[in-house]
Amino acid sequence: MQKKYLYLQKIKDLSSVLLEKMVPLDRTETLTYWRARILFSIIFPGVLIGLFVFIFTIPILIKQNLWNLVVSYGSALLIGICLLLFPCISFTIRATTTLLILYGIGLTIMIFTGPLSGGPLWLFCFSIFSGILLGSRAALVAILTNTITLAIIGYFIINSNWGQSYSFFKSEQLMYLSGISFLFLNTLTAISISVLIKAMTKFHEKEKSLVKSLRKEQIQLMTAKNKLENEFEERIQRENELFESEKRFRLLFEEAPDTIFIIAMNDRILDANKAATKMLGYGHKEFQTMTIADIQAPKVRGKAGSIIKNRQTQSPFFETLDIHKNGTIVPVEVHHHRMRIEDEDIVLSVVRDTTYRKQVEKEKIKTQKIIGEQKKLAFVGEIAGKMAHDFNNILGVIMGNTELALLDNMNPETRKTFELIFEQTIRGKNLTKNLVAFAKDQEPKQEFFRINEKIDLVVNLLRKDLEGIEIIQDYKPGVPELLADPGMIEHALVNLIQNSIHATSLVESPRIIIRTSCLDKNIIFEVEDNGCGIPMEHLETIYEPSFTLKGTRDVAGSYKSGIKGTGYGMANVKKYIQQHKGNLSVESVVGKGTKFTIILPVFKKELTLKEKKEFQKEIKHSGKYILLMEDEQAILDVQYRILTQEPCNHEVDTAYNGQVAMDLFERNKYDLVSLDYILPGEINGMDVYHHIRALNKTIPILFISGNIEFLESIKELKQKDIFIAHLSKPCQNKDYINSINKLLEIKISKHQPW
């Protein structure tokens, strides 16, 4: 079985090889392709089967002495094999030869075996295949050939002895009838098949033409499609580019920091950006229903339809007033530019709110006025400072002799005169003290002290003036020591309590409450009275130099006759508190009283346990060698303790003046210098800095100072020297440690050797 299947597979493979050689590769010619395939189906099986039949029938043919059939069969097989093996032979020749072989085999069989043999079937196939392979004309020729052949064979049968032995032909009529029937059937079949083939051929040609036409149209459609796709893609790309461009410019328009309006020539607002909404309060859609006149302040509002035209004759830049939705007047500056977009004239108007600038200019003028006043007062203070010693000596002589005169003189009128002289000398002394204190730009001398003890001291100093006034001292527990200038705080307390004494001079039951407390790392102390109070319009101006509501300016009669003010008391208080990084506020109601609240930061003598734990994680550099220059012992002790203890663990040398600091720096190799600016003696912190830089260009230096002169110079210095930093005095411990760590980090980041 396996060998049988193997033979069949070989035959199949052989047929495939021969078919590829004989059949055309172009299958678009459908009719030609299938005719060639039908021809192959006739030749290949015919040769293959005929070969086996021939092999088995040779003995019979030889035995019957039919050599003519042997020759005919053999010739037909050889020709068939040649038609298979030589594909260069054209289809027409191959088909004609095959048809002639069919005809020859049929004719031979009929001649040697009689009409009742298989010969007529071969002639029948000859005519059928002629119509299939070569068309209707070939079919007619084949039928005509078959007719002639049968007529000749019939003639010989009738007119000679050949064929008389065939039993089928009992009479001539039957032979004619049989021949006519065969030819009729042969003609009918061959013509029908040839017509069918012709119709199929025409249909194929029509289909082929239609396919060709469709292909042409398809190519045209594909070309048009590709063109449309390219145009569509180009259009999409242009639209995307346009969209991105519009999106980009819309974003620029919307996110512009200045207000932008797009305005028609009839003053109608076409568009407005977000800044316009922010500046004037109207929404985008609201703006599109408005004109320029709707957003102008009433006193500059023009007539709709004429504003733009009028502006075309003005400068492209001008200032005007707009009005917010809530009625607020907004000063603005306007830049406008006329342009043409899509055949329409429009105006692009860029508007900038000048409220802040106007305010700054106003503040600048006010500041310049204050600076001028301060310069004048500084000049007065400078003169007063030079004259203070002699003037106080003169006042001291007058005061001393007046007191002696009061002791010796018992005349009431003369005594009254001496008392007036004595009071005026005290007033002159206080005036000189306040004026000199205000004029001097001195840096606070920091010490630790209890604010409660300082208040008790001031109250005792003013005990005589406080007679008849109820004093309530409300001290909350747990108030830590204050790091501040004792003299400045004492002077501030004196001024505040004296103001309360004056404010309660006409009150039936005068009362002054002094409170102290600690809240959120701040020390708070308040001075409250139930006196005349301060008018609302003067709450901000009471800190201005030379301003007072007492004496000749007491138009409301709020103070007792004879009470006068220097005008520098509250100015000095505010100055002192600001120098200590504190805050001063006032609450007052006319006729009910006034309360001043002072808040000063707490500066601890060492780090808390919580701070140590936090810095333990943050500090990357410890155990460095540091030179500490500080002339105030209280601050020096705190800084030394912080630097030498956990978590810093630095080694520290201290210096109390500039010369000692320079000598230490020359002898030792330090990693960092902590330097005060104001130092005792002729050498200040800047002198020490220049001496250090002459020896070492990159050692980190941390300045600690609140001096105004120094604050101006340090700005320019920091631009030139990246290895310096500054903290204002007094500074918090954590800020001090962080500044030192940052300077050490900068040293490392710049790859500088220690």
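The written sequence of each chain sets the order in which its residues are numbered from 1. Where local features are concerned, this predicted model is filtered to residues with pLDDT of at least 70; where side-chain atom pairs are given and counted, the filter is 80 or more; whole-chain, interface and lining totals use all residues. Hydrogens and water molecules were not included; the side-chain quantities draw on all heavy atoms of the structure.

## Overview of the overall build of the protein
The following threshold applies: We count a stretch as a helix when DSSP gives it H or I for four or more residues in a row; a strand needs E for two or more, and each element gets its number in order from the N terminus. Residue exposure (1.4 Å probe, protein chains only): buried if accessible area is under 20% of the type maximum, exposed if over 50%, otherwise partly exposed. A 1.4 Å probe and the Shrake-Rupley method give the accessible areas. Residues count as covered only by the protein chains that appear here.
Looking only at helices and strands, the protein features 22 helices and 17 strands. Within the protein, the fraction of its 754 residues that count as buried is 40%. On the protein, roughly 44500 Å² of surface is accessible, and the fraction owed to carbon and sulfur atoms is 59%.

## Focus: the pairing of strand β2 (residues 269–272)
Threshold: Only strands that DSSP links by at least two bridges are regarded as paired with each other.
Pairing of strand β1 (residues 259–264) with β2, which is carried by three bridges, proceeds in the antiparallel orientation. Of the residues in β2, the one forming a bridge with Phe-261 is Ala-272. Where β1 folds back on β2, the antiparallel hairpin that results is connected by four residues, among which Asp-267 adopts a positive phi of roughly 75 degrees.

## Structural notes on the packing of aromatic side chains
Selection criterion: Ring pairs shown here join Phe, Tyr and Trp side chains whose ring centres sit within 6.5 Å, with only the six-membered ring taken for Trp; geometry is labelled stacked below 30 degrees between planes, edge-to-face above 60, and tilted in between. The rule is short: NZ of Lys or CZ of Arg within 6 Å of the ring centre and within 35 degrees of the ring normal puts a charge over the ring.
Enumeration over the complete set of coordinates arrives at five aromatic pairs. The interplanar angle of 20 degrees and the centroid separation of 6.3 Å between the aromatic rings of Phe-665 and Tyr-670 together place this pair among those described as stacked. For Phe-665, a relative accessible area of 7% puts it in the buried group. Judged by centre distance (5.7 Å) and plane angle (50 degrees), the ring pair of Tyr-689 and Phe-703 falls under tilted. With Tyr-689 in helix α20 (residues 685–695) and Phe-703 in strand β16 (residues 701–704), the pair connects residues that are 14 residues apart, well separated along the chain. Phe-703 carries the same exposure label as Tyr-689, and that label is buried. Following the ring pairs from residue to residue traces out a cluster consisting of Phe-261, Tyr-282 and Phe-287. One Lys or Arg, Lys-454, reaches over the ring of Phe-449 and ends 5.5 Å from the middle of that ring.

## Quick word on the sheet that holds strand β11 (residues 583–589)
Worth spelling out the cut-off: All axes here are fitted lines through C-alpha atoms, helices being fitted over the stretch that makes contact, and every angle between N-to-C directions spans 0 to 180 degrees. Note on contacts: a residue pair qualifies if any of its non-hydrogen atoms lie within 4.5 Å across the two residues.
The strand order across the open sheet formed by five strands is β7-β9-β10-β12-β11, and the pairing between neighbours is mixed. Here the strands that pair on one side only, and so sit at the sheet edges, are β7 (470–475) and β11. Across the sheet, the mean angle separating the axes of adjacent strands is 10 degrees when strand polarity is ignored. Bridging between β11 and strand β12 (residues 593–601) involves seven bridges; their strand directions are antiparallel. Residue pairing across strands places Glu-587 opposite Lys-595, the latter belonging to β12. Sitting on the sheet, helix α15 (residues 486–503) touches β9 (511–519), β10 (522–529) and β12, and the angle it makes with β10 is about 25 degrees.

## Considering the nonpolar core
Put simply, the rule is: Joining through side-chain atoms within 4.5 Å is the link that ties buried Ala, Val, Leu, Ile, Met, Phe, Trp, Tyr and Cys residues into a set, and such a set is a nonpolar core.
One finds Ile-451, Leu-466, Leu-482, Ile-489, Ile-497, Leu-584 and Phe-596 to be the most contacted residues of the largest nonpolar core, which totals 40 residues. Of all the elements in the fold, those that place two or more residues in this core are α14 (451–461), β8 (482–484), α15, β9, β10, α16 (569–579), β11 and β12. The element contributing the most residues to this core is α15, with eight residues. Once residues lying within four places of it in the same chain are set aside, the contact partners of Leu-482 are Glu-447, Phe-448, Phe-449, Ile-451, Ile-489, Ile-523, Leu-600 and Pro-601.

## Overview of the sheet that holds strand β17 (residues 724–727)
Judged by pairing direction, the sheet is parallel, and its five strands sit side by side in the order β14-β13-β15-β16-β17 without closing on themselves. In this open sheet, the two strands that pair with only one neighbour each are β14 (651–655) and β17. Across the sheet, the mean angle separating the axes of adjacent strands is 20 degrees when strand polarity is ignored. Relative to β17, β16 runs parallel, the two being bridged by four bridges. Across the sheet, residue Ile-704 finds its bridge partner in β17, namely Leu-727.

## What about helix α6 (residues 136–159)?
Worth spelling out the cut-off: To estimate how far a helix should extend, the number of its residues minus one is multiplied by 1.5 Å.
In this model α6 runs 34 Å from its N-terminal to its C-terminal C-alpha over 24 residues, within 8% of the 34 Å that 1.5 Å per residue would give. Here α6 has its buried residues at Ala-138, Ala-139, Ala-142, Ile-143, Asn-146, Thr-149, Leu-150, Ile-153, Gly-154 and Ile-157.

## Concerning the packing of helix α18 (residues 633–644) against helix α22 (residues 733–749)
Our working rule: An angle counts as roughly parallel when it lies under 35 degrees, as roughly antiparallel when it exceeds 145, as roughly perpendicular when it falls between 65 and 115, and as oblique in every other case. Take the far helix as your reference; a near helix turned counterclockwise from it by less than a right angle gives a left-handed crossing, and one turned clockwise gives a right-handed crossing. Note on residue classes: Ala, Val, Leu, Ile, Met, Phe, Trp, Tyr, Cys and Pro are nonpolar, Asp, Glu, Lys and Arg are charged, and everything else, Gly too, is polar.
It is the contact of α18 with α22, at a shortest axis distance of 11 Å, that shows an interaxial angle of 55 degrees. Relative to α22, α18 is oriented oblique. The hand of the α18/α22 crossing is right-handed. Where α18 approaches α22, its residues Val-638, Gln-639, Ile-642 and Leu-643 are matched on the opposing element by Asn-733, Tyr-736, Ile-737 and Ile-740. Taken together, the residues of the contact of α18 with α22 sort by class into six nonpolar, two polar and no charged.

## As for empty space enclosed by the protein
Rules: Using only the protein atoms, space was sampled on a 1 Å grid; points where a 1.4 Å probe fits but cannot get out form cavities, open sets with protein on both sides within 12 Å along at least five of seven lines form pockets, and lining residues are those with an atom within 4 Å of a point. Grid points are joined across faces, edges and corners, and a volume is the space filled by probe spheres set on the points.
Under the definition given, this model contains two cavities of 30 Å³ or more. Size it by volume and the largest cavity reaches roughly 120 Å³. What lines the largest cavity is a set of 13 residues, and nearest its centre among them are Ile-635, Val-638, Gln-639, Cys-731 and Asn-733. Of all the secondary-structure elements, those providing two or more residues to the lining of the largest cavity are α18 and α22. The greatest single-element share of the lining of the largest cavity, amounting to four residues, is contributed by α18.

## A word on the environment of Pro-647
Structurally, Pro-647 can be placed in the loop between α18 and β14. Separated by 26 residues in sequence, Pro-647 and His-621 have C-alpha atoms that sit 9.8 Å apart.

## Side note on unusual backbone geometry
Geometrically, the link from Glu-646 to Pro-647 is a cis peptide bond, its omega value of 5 degrees lying close to zero. A positive phi is found at Lys-581, a non-glycine position, where the angle reads about 60 degrees. One can find Lys-581 in the loop between α16 and β11. Its identity as a non-glycine residue notwithstanding, Asn-649 has a phi of 60 degrees, on the positive side. By the secondary structure assignment, Asn-649 is in the loop between α18 and β14.

## As for the pattern of salt bridges
For side chains of opposite charge, pairing can occur when their charged atoms come near one another. Put simply, the test is: Salt bridge, as used here: a side-chain nitrogen of Lys or Arg that lies within 4 Å of a carboxyl oxygen of Asp or Glu.
By the definition in use, this model includes nine salt bridges. Between Arg-352 and Asp-258 there is a salt bridge, with the nearest N and O atoms lying 2.7 Å from each other. One end of the pair, Arg-352, is in strand β5 (residues 344–353); the other, Asp-258, is in the loop between α7 (172–255) and β1, and 94 residues separate them in sequence. On the basis of relative accessibility, which here comes to 19%, the residue Asp-258 falls in the buried class. For Asp-474, the salt bridge goes to Lys-476, with nearest N and O atoms at 3.1 Å. Through salt bridges that share partners, Asp-258, Glu-333 and Arg-352 make up one connected network.

## Considerations on the environment of Ile-38
Mapped onto the fold, Ile-38 is located in helix α2 (residues 30–63). You can call Ile-38 partly exposed: its relative accessible area is 32%. Once the C-alpha coordinates of Ile-38 and Phe-129 are considered, the two residues, 91 residues apart in sequence, prove to be 9.2 Å apart. Every residue in contact with Ile-38, bar those within four places of it in the chain, is listed here: Ile-132 and Leu-133.

From the geometry alone we can't say anything about function, so treat these as descriptive.
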